[in-house]
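Letter by letter, the chains look like this.
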Amino acid sequence: MKHALFIAAIAAYLVSEIYPSEWLTWVQSVLSLVIIAVAFRSIKPFVRLLGTSFLITGALLLAANGASLTVYVLGFGSMLNILSLFVLIPMIALPIELGQYAVRVQAILYSKVKHSGMLYCITSLLSYILSSFMNLATLPMMYHSIHPSLQYYPIKQKDRFISRAITHGYSMPILWTPVAPIVGIIVEMTGVSWSSILPIVIPFSLFGLALDWLMGTWVANRRLKKISLNALEEISAARENAVGQQANGSAEGKGSHPGQILIAIVVLNVLVFILERFTHMGFLLLVSIIVIPFAYIWSLMLGKGKAFIAKSRILLPSHVLKMKDQFFVFLSAGFMISAIKTTGSNHAINEGIMAIQHVIGSDLFLLMIPLIPLALAFIGLHPAVGLALAAESLNPQALGISAQLMAIAMLTGAATAFLMGPYNATAGMMSNLIGKSSYKVSNWNAPFTIAYLFMAMLLLIVLKKVG
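*Asks:* Teacher, can you tell me more about the overall build of the chain here?
*Replies:* Looking only at helices and strands, the chain features 26 helices and zero strands. In terms of overall size, the chain behaves like a compact globule, its C-alpha atoms giving a radius of gyration of 23 Å where 467 residues would be expected to give roughly 23 Å. Taken along its principal axes, the extent of the C-alpha atoms in the chain is 80 × 55 × 45 Å. Here the chain, with 467 residues, has 54% of them falling under the buried criterion. Considering only residue pairs separated by 6 or more positions, the chain has 83% of its internal contacts joining residues 24 or more positions apart. Summed over its atoms, the accessible surface of the chain is roughly 20,300 Å², and 67% of this surface lies on carbon and sulfur atoms. For the chain, the centre of its 29 positive side-chain charges and the centre of its 15 negative side-chain charges are spaced 9 Å apart.

*Asks:* Just checking my understanding: could you explain helix H1 (residues 2-18) for this structure?
*Replies:* Since the α-helix turns once every 3.6 residues, residues separated by three or four places project in the same direction. The terminal C-alpha atoms of H1, which comprises 17 residues, lie 25 Å apart, in line with the 24 Å expected from a rise of 1.5 Å per residue. All of the buried residues along H1 are Leu5, Phe6, Ala9, Ile10, Ala12, Tyr13, Leu14 and Ser16. Of the surrounding elements, those touching the buried residues of H1 are helix H2 (22-39), helix H5 (80-88), helix H15 (283-301), helix H16 (305-322) and helix H17 (324-343).

*Asks:* Could you clarify how one ought to interpret the pattern of salt bridges in this entry?
*Replies:* Side chains that carry opposite charge are capable of pairing whenever their charged atoms lie near each other. Across all of its chains, the model carries three salt bridges by this definition. Note that Glu97 is salt-bridged to Lys311, the shortest N-O span being 3.2 Å. Highlighted residues: Glu97 in helix H6 (residues 94-98) and Lys311 in helix H16, separated in sequence by 214 residues. By relative accessible area, Glu97 is classed as partly exposed at 46%. Given a relative accessible area of 32%, Lys311 falls into the partly exposed group. Between Asp363 and Lys464 there is a salt bridge, with the nearest N and O atoms lying 3.3 Å from each other.

*Asks:* What is the right way to look at the side chain of His168 in this model?
*Replies:* Within the fold, His168 resides in helix H10 (residues 158-171). The class for His168 is buried, based on a relative accessible area of 1%. Filtering out sequence-adjacent residues up to four positions away, His168 remains in contact with Tyr120, Asp212, Leu419, Asn445 and Phe448.

*Asks:* Whenever I open this one, the side chain of Ser288 confuses me. Can you help?
*Replies:* With respect to the helices and strands, Ser288 occurs in helix H15. Polar side-chain contacts of Ser288 include one of 3.2 Å to the side chain of Ser84. For Ser288, the contacting residues outside a window of four places in its chain are Leu14, Asn81, Ser84, Leu85 and Leu88.

*Asks:* Help me understand the environment of Phe278 in this model?
*Replies:* Within the secondary structure, Phe278 sits in helix H14 (residues 259-278). According to the relative accessible area criterion, Phe278 is exposed, its value standing at 70%. Residues Phe278 and Leu83, 195 residues apart in the sequence, show an inter-C-alpha distance of 25 Å.

*Asks:* Is there a simple way to explain the packing of aromatic side chains in this structure?
*Replies:* Working definition: an aromatic ring pair is given by the centre-to-centre distance plus the angle between the planes. Summed over all chains, the structure comprises eleven aromatic pairs. Judged by centre distance (6.2 Å) and plane angle (25°), the ring pair of Phe448 and Tyr452 falls under stacked. Of this pair, Phe448 and Tyr452 both sit in helix H26 (residues 446-466), separated by four residues, roughly a single helical turn. Residue Phe448 is classed as buried on the basis of its relative accessible area of 1%. The exposure class assigned to Tyr452 is buried, which follows from its relative accessible area of 0%. Taken together, the ring pairs connect Phe204, Phe448 and Tyr452 into an aromatic cluster.

*Asks:* I tried to follow the environment of Phe294 on my own but got confused; where do I start?
*Replies:* Structurally, Phe294 can be placed in helix H15. Distance from Phe294 to Val267, taken between C-alpha atoms, is 9.6 Å for residues 27 residues apart in sequence. Among residues more than four places away in sequence, those in contact with Phe294 are Ile92, Phe133, Ala264, Val267, Leu268 and Leu271.

*Asks:* It is not clear to me how the packing of H5 against helix H11 (residues 181-190) should be interpreted in this structure. Could you clarify?
*Replies:* Any two packed helices are characterised by the angle at which their axes cross and by the distance between the axes. Two elements in contact, H5 and H11, have axes whose closest approach is 9 Å; the angle formed by their N-to-C orientations is 155°. Classified by the angle between their axes, H5 and H11 sit roughly antiparallel to one another. In this structure, the crossing between H5 and H11 has a hand that is right-handed. Residues Asn81, Ile82, Leu85 and Phe86 of H5 touch H11, and the partners they reach there are Pro181, Ile185 and Glu188.

*Asks:* Even after reading the chapter, I still don't get a nonpolar patch on the surface, so can you show me in this structure?
*Replies:* On the surface, a cluster of nonpolar side chains totalling about 510 Å² of accessible area is made up of Ile356, Val359, Ile360, Leu364, Met368 and Leu371. Per-element accounting of the nonpolar patch gives the leading share, three residues, to helix H18 (residues 345-360). Its location among the elements puts Ile356 in helix H18.

*Asks:* Before we go on, may I ask you to explain the packing of H10 against helix H24 (residues 425-434) in this structure?
*Replies:* For the pair H10 and H24, the least separation of the axes is 11 Å and the interaxial angle reads 150°. It follows that H10 is roughly antiparallel to H24 by the angle criterion. In terms of crossing hand, the pair formed by H10 and H24 is right-handed. In contact with Asp159, Ile162, Ser163, Ile166, Thr167 and Tyr170 of H10, H24 contributes Thr426, Met430 and Ile434. Here the residues of the contact of H10 with H24 are counted per class, giving five nonpolar, three polar and one charged.

Parameters and conventions
Residues numbered from 1 in each chain as written. Predicted model: local features only at pLDDT ≥ 70, side-chain atom pairs only at ≥ 80, totals over all residues. Heavy atoms only, no water. Helix = DSSP H or I, 4+ residues; strand = E, 2+ residues; numbered from the N terminus. Rg over C-alpha atoms; globule rule 2.2 N^0.38 Å. Buried < 20%, exposed > 50% of the residue type's maximum accessible area, 1.4 Å probe, protein only. Contact = heavy atoms within 4.5 Å. Areas by Shrake-Rupley, 256 points an atom, 1.4 Å probe, with all protein chains shown as cover. Lys, Arg positive; Asp, Glu negative; His and termini not counted. Charge placed at Lys NZ, Arg CZ, Asp CG, Glu CD. Expected span 1.5 Å × (residues − 1). Salt bridge = Lys/Arg side-chain N within 4 Å of Asp/Glu carboxyl O. Polar contact = N/O pair within 3.5 Å; in protein donor to acceptor, adjacent residues only side chain to side chain. Phe/Tyr/Trp six-rings, centres within 6.5 Å; stacked < 30°, edge-to-face > 60°. Axes fitted to C-alpha atoms, helices over the stretch in contact; angles between N-to-C directions. Parallel < 35°, antiparallel > 145°, perpendicular 65-115°, else oblique. Left-handed = near helix turned anticlockwise from the far one by under 90°. Patch = residues over 30% accessible without salt bridge, like charges linked within 9 Å, V, L, I, M, F, W, Y side chains within 5 Å. Nonpolar A, V, L, I, M, F, W, Y, C, P; charged D, E, K, R; others polar.

Below, the structure is given as structure tokens:
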């Protein structure tokens, strides 16, 4: 029954946004309050502590302001826009699974990729492409598609190789893809138009991908120099044998062509771009509404419409139940943010931030913004929550920073949080896949993250000077 409660709250939010109604606002607020109470006992201790601190802070602010009971209740539910995207986005992974694209990718790898440096770049690229469409579902799909191929290449530390290639590629589209909830949060909180920042964030994310290739290829070439010629010949022979076996099994004839994913990504982004320009819907709501119809139409084109519906009925309830921690902490944080707005505390916070900026200077303050989500990630705060809190407290105009520049600074920082945050879902899922600790996954990403941060700071300085 818990999953029905979670889904009902999401449904109430979506309907209330399309058909505004006072009673629906009450319904989603009450459901959010019930979810917090129901989930309290079954969540992780750290998440319980974090969410409770948000609830207490919000309650104290409202009590000090003499708020009525109505204000307390209606303070819940303000984060359902983010949670709806978290709940619905995994559905877009279904047509990729139903199309068996991974089978075709594996066949191409065996037959075309001869060098471990090239394998790294291909893995990073595929992870980038899938992340721009599937978000977190990219990690397991890429791992299970690529891992069997690693034995046919001279790679000593296979876990580190695949972890770095997948997570680096996965983190770069977080700067711009509409399926990343973090993009929707920052776009709505800063008030910028998604289309207005695309000309900057898409090229920069590709520069980040190119930086990853450069570093990955350098490591692969250095590794090759330490391997004997006989060992290389044995590995090459094994790979050729694997190619022969796949050819006999007609593996390349199975599965849909990966190029279809690229077409789907372009269509989805163009659709979001057009709808954002010609409708008055918020970015998060817009993406949440079109995700399932888009995935279903794609499945129909693959001849898998019935399979999509059948799998959706299984995936949605199970996925929602796994999100109880996120529901608790996001709804609790939303209550605190609502209390901050209601009591006007955001003005006091912004004045304190302006005082800091006055002391250190606007240029240095701008460079510190990408470090905020990274720092919060190391204390266990999800980048989405951290940036929602930061965006609510930072006033770009008062700080002398354009809203677009603020959004770009936050997005570049969000990518570093996904790369190195040891407590976030990225590190946790990759840790489970490779059987290593999330701290090790985080440490493996440190060199690239540091190089990427320097590149991001350079971009921010250039953009501020150019104006």
